[in-house]
Amino acid sequence: MTDTPTGNSTRAPLLADPRVARAIELVWNEADLLDRKEYDAWQDLYTEDGHYVIPIDPETDDFANSLNMVYDDARMRRMRVTRMTEGHAIAAVDAARTIRTVSRFVPTEVFDHEVTLRSAQVVVAYKRGRHDLWAAQVTHRIRLSEHGDRIALKAVRLVDCEDTVPAAGFLL
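Quick summary incoming for the structure in this document. Keep in mind that this is a model prediction, so the values were computed, not measured. (Residues numbered from 1 in each chain as written. Predicted model: local features only at pLDDT ≥ 70, side-chain atom pairs only at ≥ 80, totals over all residues. Heavy atoms only, no water.)

Okay, the side chain of Arg80 next. Along the polypeptide, Arg80 turns up in helix α4 (residues 74-85). Apart from residues lying up to four places away in sequence, Arg80 is in contact with Tyr52, Val70, Asp72 and Leu171. (Helix = DSSP H or I, 4+ residues; strand = E, 2+ residues; numbered from the N terminus. Contact = heavy atoms within 4.5 Å.)

Take a look at the structure:
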């Protein structure tokens, strides 16, 4: 295989592509780790230069020069995980239980060593007798390697990102 992108005019052949299947499997693994609050294992899924982003502008791809709710590099992810797992931070003590559904995968770029996927994510969070629903369009850029596939980018575009969004005591 060459390092040439594969178009996305027909979905079925792309979804059958083993590179795409590996990327989808990693995204599902990420969702499972987050639901089980295995945050240390979650952050190990990222490349050292990877970003976890929740932009306010649903159309932007220029995250470094845009306003974001979250724009975490490796250092900020480690700090966020520490707050959620240690001490008495409200995010750690009173975190919601979550169930994620990630579906409707659309491969937008497929290279030998990298796959970009767009998907739909719904997170149901339960805390203090109340359910909250978080819906988003998510972009994952997955770097493929024989040493283990990793997330280079996760951009979570909440459907209500331009409105007031309540604080979440969990990762999207």
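This paragraph deals with unusual backbone geometry. Phi at Arg104 takes a positive value of approximately 55°, unusual for a residue other than glycine. Along the chain, Arg104 turns up in strand β3 (residues 97-110). Positioned with a positive phi, Arg128 is a non-glycine residue whose angle comes to about 50°. By the element assignment, Arg128 lies in the loop between β4 (114-127) and β5 (130-143). We classify Arg128 as exposed; its relative accessible area is 66%. (Buried < 20%, exposed > 50% of the residue type's maximum accessible area, 1.4 Å probe, protein only.)

With that out of the way, let us pick up the sheet that holds β4. The strands making up a sheet associate through backbone hydrogen bonding, with each pair oriented either parallel or antiparallel. Taken together, the six strands give an open sheet; going across it, the order is β2-β1-β6-β5-β4-β3, and neighbouring strands pair in mixed fashion. Looking at which strands have only one partner, the edges of the open sheet turn out to be β2 (68-72) and β3. Taking the axes of each pair of neighbouring strands and ignoring which way they run, one obtains an average angle of 15° across the sheet. Of the pairings in the sheet, the one linking strand β1 (residues 46-55) to strand β6 (residues 150-158) comprises four bridges and is parallel in character. (Pairing = 2+ DSSP bridges. Axes fitted to C-alpha atoms, helices over the stretch in contact; angles between N-to-C directions.)

This paragraph deals with the nonpolar core. Of all hydrophobic cores here, the largest spans 38 residues; its most connected members are Trp42, Tyr52, Leu117, Val156, Leu158, Phe170 and Leu172. Counting only elements with at least two residues in this core, the list comes to α2 (18-35), α3 (39-43), β1, α4, β3, β4, β5 and β6. When residues of this core are assigned to their parent elements, the largest contribution, eight residues, is made by α2. Look past the residues within four positions of Val156 in its chain and what remains in contact with it is Tyr52, Val53, Ile54, Pro55, Ala136, Gln137, Val138 and Leu172. (Core = buried A, V, L, I, M, F, W, Y, C linked by side-chain atoms within 4.5 Å.)

Attention now moves to a negative patch on the surface. Taken together, the side chains of Asp57, Glu59, Glu162 and Asp163 make up a negatively charged region of the molecular surface. By secondary structure assignment, the location of Asp163 is in the segment after β6. Looking at Asp163, the relative accessible area reads 57%, which means it is exposed. (Patch = residues over 30% accessible without salt bridge, like charges linked within 9 Å, V, L, I, M, F, W, Y side chains within 5 Å. Areas by Shrake-Rupley, 256 points an atom, 1.4 Å probe, with all protein chains shown as cover. Salt bridge = Lys/Arg side-chain N within 4 Å of Asp/Glu carboxyl O. Lys, Arg positive; Asp, Glu negative; His and termini not counted. Charge placed at Lys NZ, Arg CZ, Asp CG, Glu CD.)

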